[in-house]
Protein chains: 2
Amino acid sequence: MSTHPLPTDALLRRFSDIVGERYALADPADQEPYLTEWRRLYHGRAPLVLRPGSVEEVSRILALASETGTPVVPQSGNTGLVGGQVPDDSGTEIVVSLSRLDRVRDVDADGFTMTVEAGVILERIQAEADAVDRLFPLSLASEGSCQIGGNISSNAGGTGVLAYGNTRDLVLGLEVVLPTGEIWNGLRRLRKDNTGYDLKHLFIGAEGTLGIVTAAVLKLVPKPAAREVAVAAVATPREAIALFDRVRKVAGSSVVAFELMARRGLEFVLAHAEGSRDPLSEEHPWYVLIEIVSGRSRDEARAHLEEALGGALEDGIVPDAVIAESLDQAAALWRLRHMMSEVQLHEGGSIKHDVSVPIAAIPAFIEEATRAVLEVVPGARPVPFGHLGDGNLHFNISQPIGADKAAYLARWEEVNAAVHAVVTNHGGSISAEHGIGRLKRDLLPTVRSPIEVDMMKRVKAAFDPKGIMNPGRVLAG
Amino acid sequence: MSTHPLPTDALLRRFSDIVGERYALADPADQEPYLTEWRRLYHGRAPLVLRPGSVEEVSRILALASETGTPVVPQSGNTGLVGGQVPDDSGTEIVVSLSRLDRVRDVDADGFTMTVEAGVILERIQAEADAVDRLFPLSLASEGSCQIGGNISSNAGGTGVLAYGNTRDLVLGLEVVLPTGEIWNGLRRLRKDNTGYDLKHLFIGAEGTLGIVTAAVLKLVPKPAAREVAVAAVATPREAIALFDRVRKVAGSSVVAFELMARRGLEFVLAHAEGSRDPLSEEHPWYVLIEIVSGRSRDEARAHLEEALGGALEDGIVPDAVIAESLDQAAALWRLRHMMSEVQLHEGGSIKHDVSVPIAAIPAFIEEATRAVLEVVPGARPVPFGHLGDGNLHFNISQPIGADKAAYLARWEEVNAAVHAVVTNHGGSISAEHGIGRLKRDLLPTVRSPIEVDMMKRVKAAFDPKGIMNPGRVLAG
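Residues numbered from 1 in each chain as written. Chains lettered and ligands numbered in written order. Predicted model: local features only at pLDDT ≥ 70, side-chain atom pairs only at ≥ 80, totals over all residues. Heavy atoms only, no water.

## Observations concerning the overall build of chain A
Move 1: Scanning chain A for helices and strands turns up 16 helices and 19 strands.
Move 2: Against the 2.2 N^0.38 benchmark of 23 Å for 477 residues, chain A shows a C-alpha radius of gyration of 23 Å, consistent with a compact globule.
Move 3: Projected onto the principal axes, the alpha-carbon positions of chain A cover approximately 75 × 55 × 45 Å.
Move 4: Considering only residue pairs separated by 6 or more positions, chain A has 74% of its internal contacts joining residues 24 or more positions apart.
Move 5: Roughly 17,200 Å² of accessible area belongs to chain A as shown, and the carbon and sulfur atoms make up 51% of that amount.
Move 6: With 48 positive and 63 negative side-chain charges, chain A shows a spacing of 4 Å between the two charge centroids. (Helix = DSSP H or I, 4+ residues; strand = E, 2+ residues; numbered from the N terminus. Rg over C-alpha atoms; globule rule 2.2 N^0.38 Å. Contact = heavy atoms within 4.5 Å. Areas by Shrake-Rupley, 256 points an atom, 1.4 Å probe, with all protein chains shown as cover. Lys, Arg positive; Asp, Glu negative; His and termini not counted. Charge placed at Lys NZ, Arg CZ, Asp CG, Glu CD.)

## Focus on the interface of chain A and chain B
Move 1: On the chain B side, the residues contacting the 84 residues of chain A number 84 residues.
Move 2: The junction of chain A with chain B conceals about 7,300 Å² of combined surface from both sides, 54% of it contributed by carbon and sulfur atoms.
Move 3: Looking only at chain A, the three residues that lose the most surface to chain B are Lys192, Asn194 and Tyr197 of chain A, adding up to 14% of its buried area.
Move 4: Put simply, chain A and chain B have 18 salt bridges between them.
Move 5: A salt bridge links arginine 188 of chain A to glutamate 452 of chain B; its shortest N-O distance comes to 2.7 Å. (Buried area = accessible area lost by both parts, 1.4 Å probe. Salt bridge = Lys/Arg side-chain N within 4 Å of Asp/Glu carboxyl O.)

## Thoughts on the pairing of strand β8 (residues 171-177) of chain B
All names here are of chain B.
Move 1: Of all 7 residues in β8, 7 are buried, a share of seventy percent or more.
Move 2: Where β8 meets strand β10 (residues 212-219), 6 bridges bridge the pair, whose relative direction is antiparallel. The residue of β10 that forms the bridge with valine 177 is isoleucine 212.
Move 3: Bridging between β8 and strand β9 (residues 183-186) involves 4 bridges; their strand directions are antiparallel. Counted as the bridge partner of valine 177 is isoleucine 183 from β9.
Move 4: Turn length for the β8-β9 hairpin, with the two strands adjacent in sequence and antiparallel, is 5 residues, and the turn residue glycine 181 shows positive phi of about 95 degrees. (Buried < 20%, exposed > 50% of the residue type's maximum accessible area, 1.4 Å probe, protein only. Pairing = 2+ DSSP bridges.)

## Description of the relation of the copies chain A and chain B
Move 1: It takes a turn of 180 degrees to lay chain A on chain B, together with a shift of 0.0 Å along the axis; the resulting RMSD is 0.0 Å. Such a combination of rotation and displacement between the chain copies is what one expects of a two-fold axis. (Least-squares fit on C-alpha atoms with pLDDT ≥ 70 in both.)

## Details of the pairing of strand β12 (residues 226-234) of chain A
All names here are of chain A.
Move 1: Of all 9 residues in β12, 8 are buried; the element is thus mostly enclosed.
Move 2: One ladder, built from 9 bridges, connects β12 with strand β14 (residues 286-294); its direction is antiparallel. Residue pairing across strands places valine 234 opposite tryptophan 286, the latter belonging to β14.
Move 3: Pairing analysis gives 3 bridges linking β12 to strand β15 (residues 321-323), with the strands arranged antiparallel. The partner of valine 231 across the bridge, within β15, is valine 322.

## Details of the environment of proline 47 of chain A
Move 1: Along the polypeptide, proline 47 of chain A turns up in the loop between α2 (28-35) and β2 (49-50).
Move 2: Discounting chain neighbours no more than four positions away, the residues touching proline 47 of chain A are Pro7, Leu12, Leu25, Ala26, Gln31, Gly91, Thr92, Glu93 and Ile94 of chain A.

## Quick word on the packing of helix α8 (residues 237-251) of chain B against helix α12 (residues 362-376) of chain B
Residue and element names in this part refer to chain B.
Move 1: Remark: α8 packs on α12, axes separated minimally by 8 Å, with the N-to-C direction vectors making an angle of 160 degrees. The angle between α8 and α12 falls in the class roughly antiparallel. Crossing handedness for the pair α8 and α12: right-handed. Together, Pro237, Arg238 and Ile241 of α8 and Ile362, Pro363, Ile366 and Glu367 of α12 make up the contact between the two elements.
Move 2: Classifying every residue of the contact of α8 with α12 by side-chain character gives 5 nonpolar, no polar and 2 charged. (Axes fitted to C-alpha atoms, helices over the stretch in contact; angles between N-to-C directions. Parallel < 35°, antiparallel > 145°, perpendicular 65-115°, else oblique. Left-handed = near helix turned anticlockwise from the far one by under 90°. Nonpolar A, V, L, I, M, F, W, Y, C, P; charged D, E, K, R; others polar.)

## Considering the pattern of salt bridges
Residue and element names in this part refer to chain A.
Move 1: All chains considered together, the criterion is met by 82 salt bridges over all chains.
Move 2: The partner of arginine 296 in a salt bridge is glutamate 300, and the shortest N-O contact between them spans 2.8 Å.
Move 3: Take glutamate 300: its relative accessible area is 8%, and that puts it in the buried class.
Move 4: The salt bridge partner of arginine 371 is glutamate 367, with a shortest N-O separation of 3.8 Å. Residue arginine 371 and its partner glutamate 367 are both found in helix α12 (residues 362-376); the two are separated by 4 residues, about one turn of the helix.
Move 5: Given a relative accessible area of 47%, arginine 371 falls into the partly exposed group.
Move 6: Overlapping salt bridges, with partners in common, bring together Glu228, Arg298, Arg302, Glu306 and Glu325 in one network.

Listed below in structure tokens is the structure:
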């Protein structure tokens, strides 16, 4: 928790004056939406929530914060999952909401770029791209409310990573207000630029600890004409990888999703999600969901799927598969995958992990992590699923049948430790998509070498020597 | 030039002892290949050229350099074009050649990664990937001799950028020896990893000024089954962009090259490159060369080309086009593009630029830069060509017919200034691929804001407080 002194009324007045009375929220009721995140895991207090209406106002806020050593917590859509965007309980941290910086500054269809401010909601960016026959491929469960500033600061992943990369790969330029209040205009639109250090990558994924991203130039891609979806059965994750290899060989970067699902997860969905149907006539231990796009036609996407699956069927890698015959069928197949997390609720407590390993290590990881978890909690039921094509698994563990939910969930950290040890053994990551924030801050030094943590601290000290930017997130203060 | 004191014999002995007599080159004849770059634009002196055989030796060299304040110039294949990799004339800078760190540590076909040491030649990496049915898509004119450490340190571009990105986009993890001698093992193989700051991007493109890259995990991609090449005529660069849009729409990221060529450049090739033929029956002011790959078949790549070109022919965007009917024809078409720089030799002096602008700004850039150059040197003959798909042009200017070559070349900086002003107006880059090094170091503050230069200096000071790493490159000392 922040140990900064409580700001004086006079200082708060100076902060309020920058944005004007209306946008300086001091009333707890007005503040509430900014102090709690949606799962209510984190709730804090703030002397002020500031809602600046321009980059210059953000600059003046940070200049004053620097001058007075006042800690600042930047926030955009408030959908983060690791407690990075809500203030702590100290009542010393001022929240700076970027939601009023919501202009789309420029859409350049020919140049495949869009320039947006930090507070623009992701869904709107997708729509603006669509309107000029382009695709902005970042897509997340929270896309209706998350804002691009937060997506950039957390280097969001989501469902488009396999073909299009993480948020980092979709950013060409940034505008950032540094902790000193200086405005860095790095809003370049270039695909190639080797003039000195590439500073934007410092701020992407820094979770607001090095400055406040106020605007970005985003990369757009051609909009596909068609999408085809299939579900294929495989005997083990090893065959899933062999199939991934074939599908990519045929369709290259037109493979936009390659998702792994265990039978147990499918059974949970079939049991608890109304209207869901087993996709194949017989039961199989593992499934993959594949989506392929084409710039030309459904026929082409389908031909790609049929060629890859046909070969795999012949060679015995895939015992059975189904290709969606309609958009409804495609949606039904996707729904099996999308419901997989939610339905675990009906099976009692679930201990969750957001991990990644090298793709080739996935079979060994699943085997070893399952064994490790069962040693800690005999009878626990792992439900591994996720983005096989990215090496990113949501390795969630449902409680043993009939176990006490609270007693099971009390073992969260113990189970995490067992799984993370296997992750680390395989050179993996304990936070593939969600970041570090406050939730995993004290785990960071357990998975990164002292040299690497020290390098991060050097960067932090170079840009935020007073430690005012989102203190205690990512790095211990 | 470095103003460090000349190292004493005792100090040189300490450096030599780290690598052993055989690999500590003090004899000028032995040193020569490390002191000159291939065009002989840069030639320097060094008290020692060290050829360490392990990461630990690199670490000990930098620890000693830090302790004693000795400047160090890292070098791999010595193919850089901006003077970053050769020592200056002071005789104080020790060259550290990475060429003995030439092991391919690991090839992981399933995981689409390869782990290599800094001194591995690019061509060998391509071959190792090919041997396991993968593609490492970085491809450069110097690929037979450049080494991956230098490619990474200069964030090399080349001909595969449109589909596969710059070197930066092909690196998953790094091993770096910091100026203190500390070894950072960041050799991760993950597609998704949000655990703290992404430090590897600091070192990629830093031109050896923040540490020495000793190894890297590279990203491999599926190997295409077929390639198809076409040349299409267009009336102006604006139509070239419209065509680019159509081709990408049809073939997405299977478009691996989209190169623009002016008629004048083609005429130079036809006049001076033996065996070259006009690709179309009539003359046209502009041409594009397109290459499309397919993971499945030539038929598919050809269908993509025909669909995009067919529509463009119907709509009057493209008056004429030819698709290569054989590998020989494809090579002949590519040769027209590849010879374009070389043949300028036969037309007298040529003043060169490696610039990028947003793709949509290319037509305006060419028009305005041409006008600006002609104001400086009436009668000069611009030969714009290059990677339209990346916004990267080699805007080379041949001298006026009959002009004095030396007098023309004496105006190099004046012409550069005129072109760079137009580049800057369009938010472009004066060094799209080649970096800053020594050649453009003093231009950097003219194209980057004081805040941005200051941010770079903060990074430099955080990692290299003693200023021993490749001093005077990228940033003034």
